[in-house]
Amino acid sequence: MISFDLILRGGTIVTEEKLFRRDIAIADEKIVALETKISGTTQKEIDVTDLHIFPGVIDSHVHFNEPGRADWEGFETGSRALAAGGGTLFFDMPLNAHPPTIDARSFDEKLFVAQIHSLTDFAFWGGLVPGNLDQLEEISERGVIGFKAFMSDSGIEDFSRVEDSTLREGMKRIAKFKKIVAVHAESEAMTKKLAAERIAKKQISVRDYLASRPIAAELDAIRRALEISAETGCALHVVHVSSGAGIALILEAQTRGVNVSCETCPHYLALTEDDMENLGAIAKCAPPLRSTNEQKNLWKPFAAGEINTIGSDHSPSPPEMKTDSNFFKVWGGISSVQHTLPILISEAHVKREIALPLISKLISSNVASRFSLPKNKGRIAVGCDADFALVNLQEQFEVRTEDLFYRHKQTPYAGRKLRGRIVRTILRGQTIFLDGKIVAKPSGRLVKPAS
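First things first, this report covers the structure right here in the doc. (Residues numbered from 1 in each chain as written. Predicted model: local features only at pLDDT ≥ 70, side-chain atom pairs only at ≥ 80, totals over all residues. Heavy atoms only, no water.)

**Re the side chain of Ser360**
Mapped onto the elements, Ser360 comes out in helix H13 (residues 356-370). Not counting residues within four places of it along the chain, the set of residues in contact with Ser360 comprises Val14, Thr15, Glu16, Phe54, Pro55 and Ser365. (Helix = DSSP H or I, 4+ residues; strand = E, 2+ residues; numbered from the N terminus. Contact = heavy atoms within 4.5 Å.)

In structure tokens form, the structure reads like this:
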């Protein structure tokens, strides 16, 4: 008789294509059977009849800030929050670590810390900055997912923005490694000029900050990045696109054969500039939140399946960095990694009747495909890692600060009621989060792109 480590009985499985009810058998960290009624012996059996089983969330855009700035977040608290939100794998950005991840040595330092502290699996972005062109190959060989570049000021002194000439040369080299470049696309010339004009007049409110980072600045940078991608043949991923017009530029480039994809974030879908004005610094981000009408323009390509991935852009900071009366000076970053899936369920599925398979695609299979992950990640299929988010789709809950796993218990979603409570998160067959509690020790592994 066949023996399994675990059988999940009767859950509704949410793949990128459809919903269906099956038992799932797990052995040696893998899915080994998907059948209507699995027979055999098992060490443990769980009745999940009332739950929806999503593939584990793969968050391709987080800032966990370690090593060097663990007082901002760190792998321990960040990965615990990810797990509480149904996440099993994150891609950490290079800039907020100190030193930033811009050469082999800094990659090795980050890897050492993550292997000790991360509850979930992890991958790393390398950095593309002025002065590290000759280090790009060694970072690529270490196994980075891709390279992140800022076309505007990053806010971090040792992670400088790139001029177009540096971006072009970097993308030429990275294309040879068959890796992808992710860009923060805002025009530094536009935003710097507009901000300086307001600051000179002591116009330093939320609305002044919003006016200093218009959609036009995003579009200008996206256009330039697309031109360089087309010229160099380097794959491009535009992160945190905040506007429907930005998505339209990317879609048009795709029709011309440019190898480009795009991401948006839960906060652009769930919050508006009015929320930023009401909530203040806790809702500050860049690009900033947009108007209600602009948000509607972003939901259209979302519903049409024209957005490729969703990343939380979780970018926390100590509370004191959110308190300056000059809104231009407060840290721009939203703490959100714990609630990506419930926000999408609430805003997309419940509120707008968007099918669950599209959500599954955006948070898992599309991410795995775009970033060339090994075939065992991002899908619910025989042979894949047993990475799951088990969700009670009917249950409504309130986001409470006392339930946050972040180092600093702050989020713009506090007090908001969401649908889709994460009941259990399973990483490679092991339950790591259950009913509001972390129930496992760190066991995260580095995930590299498939060769």
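**Looking at the side chain of Asn326**
Mapping Asn326 onto the fold places it in the loop between strand E16 (309-310) and helix H12 (340-352). A residue is classified by how much of its surface remains accessible, and Asn326, at 10% relative accessible area, is buried. Engagement of the side chain of Asn326 in a polar contact is seen with the backbone nitrogen of Phe328, the distance being 2.9 Å. (Buried < 20%, exposed > 50% of the residue type's maximum accessible area, 1.4 Å probe, protein only. Polar contact = N/O pair within 3.5 Å; in protein donor to acceptor, adjacent residues only side chain to side chain.)

**Overview of the sheet that holds strand E15 (residues 260-264)**
One open sheet accounts for six strands, arranged E11-E12-E13-E14-E15-E16; its pairing is parallel. The open sheet terminates on both sides in strands that have one partner only, identified here as strand E11 (126-127) and E16. One ladder, built from four bridges, connects strand E13 (residues 180-184) with strand E14 (residues 235-238); its direction is parallel. Each bridged residue has a counterpart across the sheet, and for Ile180 the counterpart in E14 is Ala235. (Pairing = 2+ DSSP bridges.)

**A few points about the environment of Phe302**
Assignment of secondary structure puts Phe302 in helix H11 (residues 292-303). Owing to a relative accessible area of 1%, Phe302 belongs among the buried residues under this scheme. Along the chain, Phe302 and Arg421 lie 119 residues apart, while their C-alpha atoms are 23 Å from each other.

**Here's the deal with helix H4 (residues 164-177)**
The terminal C-alpha atoms of H4, which comprises 14 residues, lie 20 Å apart, in line with the 20 Å expected from a rise of 1.5 Å per residue. Restricting attention to buried positions, one finds in H4 the residues Thr166, Leu167, Gly170, Met171 and Ile174. Buried residues along H4 cover an arc of 125° about the axis, so they all sit on one side. Summarising the geometry of H4, the exposed residues directed more than 90 degrees from the buried face are Ser165 and Lys176. The secondary structure elements touched by the buried residues of H4 are helix H3 (136-142), strand E12 (146-150), E13, helix H7 (215-232) and E14. Within two residues after H4, Lys178 carries a phi angle of roughly 60°, on the positive side. (Expected span 1.5 Å × (residues − 1). Arc of directions from axis to C-beta.)

**Observations concerning the nonpolar core**
Within soluble globular proteins, side chains that are nonpolar tend to cluster in buried spots. Ranked by internal contacts, the top residues of the largest apolar core, which has 99 residues, are Phe54, Leu167, Val183, Val238, Met276, Phe302 and Leu341. Ignoring anything within four residues of it in the chain, the contact list for Leu341 reads Phe54, Val57, Gly85, Ile359, Ile363, Ala389, Val391 and Ile422. Core analysis: the next-biggest nonpolar cluster, separate from the first, contains 24 residues, Met93, Phe150, Phe159 and Trp331 among them. (Core = buried A, V, L, I, M, F, W, Y, C linked by side-chain atoms within 4.5 Å.)

**Digging into the sheet that holds strand E10 (residues 121-124)**
The three strands are arranged E8-E9-E10 in an open sheet whose pairing can be described as parallel. On the outer flanks of this sheet lie strand E8 (57-62) and E10, each paired with one strand and no other. Strand-to-strand twist across the sheet, computed as the mean angle between neighbouring axes with direction ignored, equals 20°. Bridge count between E8 and strand E9 (residues 87-92): four bridges; the pairing is parallel. Along E9, the bridge assignment pairs Asp59 with Phe90. Strands E9 and E10 of the sheet are contacted by helix H2 (residues 104-117), whose axis makes an angle of about 170° with E10. (Axes fitted to C-alpha atoms, helices over the stretch in contact; angles between N-to-C directions.)

**So, H2**
Taking 1.5 Å per residue as the helical rise, H2 with its 14 residues ought to reach 20 Å, and the 20 Å between its terminal C-alpha atoms agrees with that figure. For H2, the full list of buried residues reads Ala104, Ser106, Phe107, Lys110, Leu111, Val113 and Ala114. In this structure, the buried side of H2 is in contact with helix H1 (75-84), E9, E10 and H3.

**Remarks on unusual backbone geometry**
In this model, Glu66 is joined to Pro67 through a cis peptide bond whose omega is 5°. If you trace the backbone, Pro67 turns up in the loop between E8 and H1. Residues His98 and Pro99 are joined by a peptide bond in cis, for which omega reads 10°. Backbone geometry at Arg428 places phi at a positive 50°, although glycine is not the residue there. Looking at where Arg428 falls in the secondary structure, it is placed in the loop between strand E18 (417-427) and strand E19 (430-434). The residue Asp435 is not glycine, and still its phi comes out positive at about 50°.

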